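Chain by chain, the residues run as shown.
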Amino acid sequence: MQPNFLIRRALQLGLAANALRPLRARSTSIPAFFAGWLTSELAPQFLALTAADTAVHLARHGARDRSTRVGLALAAATAVGLGASIRTGHGARDEIERALREALGDDYAEELGRSDLGLPWGELALPFRMGAPDVKVDRNIAYAPGGKRFLLDVYRPLEPVTGAPVLLQVHGGAWVIGNKEEQGRPLMRYLARRGWVCVAINYPLSPTHRWPAHIVAAKRSLAWIRSEIAAYGGDPDFVAVTGGSAGGHLSSLLALTQKDPALQPGFEDVDTSVQACAPHYGVYDFAATSGSPASKYRLEGLLARRVFAADRDPVKHLDDYIAASPFDRVSSEAPPFFVIHGRDDSLVPVREAREFVRRLREKSPNPVAYAELAGAQHAFDVFTSVRSAHVVRGVARFLDHTYLQWKAAQ
């Protein structure tokens, strides 16, 4: 008997099954997210590991005992499940392309004049390698007083550029954890290679700092970009913003509160507008005005307790939460948006993104692209995977097209 082999195969099959159909109960949402996220985005690596482990076991022990034969059956089922995850990841290319054509027109790619749809095989082989020798990174630049939570990094091409479009990356982490070096790096590396200047920021975190410190800091970083980014080769007049999860919330709110002096105290006259927004798996129903049970649970269990001040009860002070909610700040002044969300997101249900997009399309005169990714969990773009590589290239096409349209209008 070889029980360890059987246990390994059973565990791997469970992971593959959860990646395809995540557990839906609220009590299992966090473990379902972590297990599904890693398994679905690393499905090729897990498939190779399953095959290698099975081959080594057969070479050493053969298939004479019953537990090995059961383990082989589990390995075969696991391979089928991981293969399905890999195919679904590749499907992101078509999902992104459909979203772009629907929002920008069938001929949008011809207007770009170049298209890079190939996968970065070197990065896929080493998905957690974050270095980029062909990109220059200026680290830990202060954009406002206050220490390390007010630092930013600038990613730019090795060769000097001038007047390059700028991307602002806002990290996620439920407004309580995270830093500028953990998220958005595949996209920033890719754009920097294509001539963009990218800025990744830290911002104050709860519960030490309470709302609206997070969005005020993000707007201060925009003020820094307006005054300083030309020295790094960027164009201060064109800034796009992106971010995932809480960063998706903050980037969307930046895009939708461009003339709100309440969110930029002491620098009310600074232009904190953005020209495009590409939020990933963002939190949009911040005030739970949709009535969604998931949004209400997040409001009462996280936002009211740890993000807002203790005296900001969401019943008595609902207006404060509405002022922080992208759902409730949508207007005709919204810039072009590309909203991206995983259909299997265990932490922020996809219906939240669908409703946000519906509201944007109802009021905004600008393009609103929406890609709903089959099989994608929360945080699918943190490291390079088949899916995230397709998403990075799609977001770059959206941003390039938006920038060209902006230039033509100037």
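Above this text sits the structure in question.
Our subject in this report is the structure included herewith. The model shown is predicted, which means the values in this text are computed figures rather than measured ones.

1. What about a negative patch on the surface?
- Together, Asp106, Asp107, Glu110 and Glu111 make up a negatively charged patch on the protein surface.
- One can find Glu110 in helix α6 (residues 108–112).

2. Some thoughts on the pairing of strand β5 (residues 234–244)
- Of all 11 residues in β5, 9 are buried; the element is thus mostly enclosed.
- Relative to β5, strand β3 (residues 164–170) is paired through 6 bridges, and the arrangement is parallel. The residue bridging Leu168 from the neighbouring strand is Val241, located in β5.
- Where β5 lies against strand β6 (residues 276–280), 5 bridges are found, and the strand directions are parallel. Bridge pairing in β6 links Ala240 to Ala276.
- As for the winding sense of the linkage, the β-α-β connection from β5 through helix α10 (residues 246–256) to β6 is right-handed.

3. Concerning the pairing of strand β7 (residues 337–342)
- Among the 6 residues of β7, 6 are classified as buried, and the element is accordingly described as predominantly covered.
- Of the two faces of β7, both are covered, the one formed by Phe337, Val339 and His341 as well as the one formed by Phe338, Ile340 and Gly342.
- With respect to chirality, the unit in which β7 leads through helix α14 (residues 350–363) into the neighbouring parallel strand β8 (residues 368–373) is right-handed.

4. As for the sheet that holds β7
- Strand order in this open sheet of 8 strands is β1-β2-β4-β3-β5-β6-β7-β8, and the pairing throughout is mixed. Among the strands making up the open sheet, the edge pair consists of β1 (135–142) and β8. Ignoring strand direction, the axes of neighbouring strands in this sheet form an average angle of 20°.
- Summarising the sheet, β6 and β7 pair through 2 bridges and their orientation is parallel. Bridge pairing links His280 to Ile340 in β7.
- In the packing of α14 onto the sheet, the strands contacted are β7 and β8, and the crossing angle to β8 comes to about 165°.

What counts as what
Residues numbered from 1 in each chain as written. Predicted model: local features only at pLDDT ≥ 70, side-chain atom pairs only at ≥ 80, totals over all residues. Heavy atoms only, no water. Patch = residues over 30% accessible without salt bridge, like charges linked within 9 Å, V, L, I, M, F, W, Y side chains within 5 Å. Areas by Shrake-Rupley, 256 points an atom, 1.4 Å probe, with all protein chains shown as cover. Salt bridge = Lys/Arg side-chain N within 4 Å of Asp/Glu carboxyl O. Lys, Arg positive; Asp, Glu negative; His and termini not counted. Charge placed at Lys NZ, Arg CZ, Asp CG, Glu CD. Helix = DSSP H or I, 4+ residues; strand = E, 2+ residues; numbered from the N terminus. Buried < 20%, exposed > 50% of the residue type's maximum accessible area, 1.4 Å probe, protein only. Pairing = 2+ DSSP bridges. Right-handed = clockwise from strand over helix to strand, strands pointing away. Axes fitted to C-alpha atoms, helices over the stretch in contact; angles between N-to-C directions. Contact = heavy atoms within 4.5 Å.

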